[in-house]
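Survey of secondary and tertiary structure
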Amino acid sequence: MEQRRQAARGVLAIERSAIIKLSIAALALLGAGVITWRSLGPSGNGDNAEKYDETRTRWLCLEASCKKEFTLSTAELGAFYRDHEDQNPACPACKKQNTARASRCESCKKFYVPKHEPPPQGQRPKPPSCPNCGKPVR
Ligand SMILES: [Zn+2]
Ligand SMILES: [Zn+2]
């Protein structure tokens, strides 16, 4: 009886050390994954930095299959307008000029095109809200 109990304890101990080894391996994998993700990240991070750069103008591609968010510096936009008066800059993803000047929602961080619809007669204008998350926007 005593022997069997000891054997059971032995198995438990082995299982425990196996679990610890497995979780260390999993953590190492996770760490490696994070490092790879970070080292692959510069373009993504750069993109994000541009999205949050308040000096850049924000644009949204209106193509239903694209909806790319992109930004242009005021210098880039100025240069574009010099050559293409009354046109919108082309989307960097689908190259179409079906784009609109956008704002960024402070809640969901997505770009949206502000709408300036006049309110129905006799009604007060609704506070503008984000089309993505519905939260009020400035
Ligand atoms: Zn596009
Ligand atoms: Zn939002």
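The paragraphs below set out a description of the structure included in this document. (Residues numbered from 1 in each chain as written. Chains lettered and ligands numbered in written order. Predicted model: local features only at pLDDT ≥ 70, side-chain atom pairs only at ≥ 80, totals over all residues. Heavy atoms only, no water.)

1. A look at the pairing of strand 1 (residues 56–61)
A regular strand places its side chains on the two faces of the sheet in alternate fashion. Note the following rule: Only protein chains enter the accessibility calculation, which uses a 1.4 Å probe; a residue is then buried when its area is under 20% of its type maximum, exposed when over 50%, and partly exposed in between. Elements are defined by DSSP. Helices are runs of H or I of four residues or more, strands are runs of E of two residues or more, and each kind is numbered from the N terminus. When DSSP locates at least two bridges between a pair of strands, those strands are taken to pair.
Taking burial as the measure, the six residues of strand 1 include six buried ones, the bulk of the element. By the alternation rule, side chains of strand 1 split into Arg56, Arg58 and Leu60 and Thr57, Trp59 and Cys61, which are all buried. As paired elements, strand 1 and strand 2 (residues 69–73) share five bridges and run antiparallel to each other. Note on strand 2: the bridge partner recorded for Arg56 is Ser73. Of the strand pairs in this sheet, strand 1 and strand 3 (residues 99–104) are connected by four bridges, and their pairing is antiparallel. Of the residues in strand 3, the one forming a bridge with Arg58 is Ala102.

2. So, the side chain of Arg56
Here is the rule: Nitrogen and oxygen atoms within 3.5 Å of one another constitute a polar contact, given that in protein one can donate a hydrogen and the other can accept it, and given that sequence-neighbouring residues count only through two side-chain atoms. We call two residues in contact when some of their heavy atoms are within 4.5 Å.
With respect to the element layout, Arg56 can be found in strand 1. Among the polar contacts listed, one links the side chain of Arg56 to the side chain of Thr71, at a separation of 2.8 Å. There is a polar contact of 3.5 Å between the side chain of Arg56 and the side chain of Glu76. What Arg56 contacts, discounting residues up to four positions off in sequence, is Glu50, Thr71, Leu72, Ser73 and Glu76.

3. What to know about the coordination of the zinc ion (ligand 2)
Ideal geometry at a metal centre: 109.5 degrees between donors when four sit tetrahedrally, and 90 or 180 degrees when six sit octahedrally. Quick note on the threshold: Note: metal donors comprise N, O and S atoms at 2.8 Å or less from the metal (3.2 Å for Na, K and Ca); water molecules are not included, so apparent gaps in a site are possible. Site shape is set this way: if four donors have all angles between 85 and 135 degrees, tetrahedral; if opposite donors are over 155 degrees apart and all others between 65 and 115, square planar for four donors and octahedral for six; otherwise irregular.
Note on the zinc ion (ligand 2): its protein donors are Cys105 (SG), Cys108 (SG), Cys130 (SG) and Cys133 (SG). The metal-donor distances range over 2.3 Å. Viewed at the metal, the four donor atoms of the zinc ion (ligand 2) are separated by angles of 105 to 116 degrees, and the geometry they form is tetrahedral. One chain supplies every donor for the zinc ion (ligand 2), spaced along it as C-x2-C-x21-C-x2-C. A residue pair is termed long-range when its members are at least 10 positions apart, and Cys105 in the loop between strand 3 and strand 4 (111–112) and Cys133 in the segment after strand 4 qualify at 28 residues. For Cys105, a relative accessible area of 0% translates into the label buried.

4. Focus: the coordination of the zinc ion (ligand 1)
Protein coordination at the zinc ion (ligand 1) comes from Cys61 (SG), Cys66 (SG), Cys91 (SG) and Cys94 (SG), with a distance range of 2.2 to 2.3 Å. Here the zinc ion (ligand 1) is ringed by four donor atoms whose angles at the metal span 104 to 118 degrees, and the overall shape comes out tetrahedral. Sequence spacing among the residues donating to the zinc ion (ligand 1) works out to C-x4-C-x24-C-x2-C. A residue pair is termed long-range when its members are at least 10 positions apart, and Cys66 in the loop between strand 1 and strand 2 and Cys94 in the loop between helix 3 (74–83) and strand 3 qualify at 28 residues. On the basis of relative accessibility, which here comes to 23%, the residue Cys66 falls in the partly exposed class. Classification of Cys94 as partly exposed rests on a relative accessible area of 25%.

5. Some words on the nonpolar core
Quick note on the threshold: We define the nonpolar core as a collection of buried residues of types Ala, Val, Leu, Ile, Met, Phe, Trp, Tyr and Cys that are connected through side-chain atoms lying within 4.5 Å of one another.
Of all hydrophobic cores here, the largest spans six residues; its members are Trp59, Cys61, Phe70, Leu72, Leu77 and Cys91. Looking at this core, the elements with two or more residues in it are strand 1 and strand 2. For Cys91, the residues in contact, after removing those within four places along its chain, are Cys61, Cys66, Lys68, Phe70, Lys96 and Thr99.

6. Re the sheet that holds strand 1
The cut-off we apply is this: What counts as an axis is a line fitted to C-alpha atoms, over the stretch in contact for a helix, and the angles between N-to-C directions run from 0 to 180 degrees.
Strand order in the open sheet formed by four strands is 2-1-3-4, and the pairing between neighbours is antiparallel. Every other strand in the sheet has two partners, leaving strand 2 and strand 4 as the edge strands with one partner each. Each of strand 1, strand 2 and strand 3 touches helix 3; the most contacted strand, strand 2, lies at about 85 degrees to it.

7. Regarding the packing of aromatic side chains
Heads up, the rule is: Centre distance within 6.5 Å is the pairing criterion for rings of Phe, Tyr and Trp, where only the six-membered ring of Trp is used; planes under 30 degrees apart are then read as stacked, over 60 as edge-to-face, and the remainder as tilted. Either the NZ atom of lysine or the CZ atom of arginine qualifies as a charge over a ring when it sits within 6 Å of the ring centre and within 35 degrees of the ring normal.
According to the stated counting rule, one finds one aromatic pair in the structure shown. Looking at Lys51, its charged tip hangs above the ring of Phe111, at a distance of 5.3 Å from the centre.

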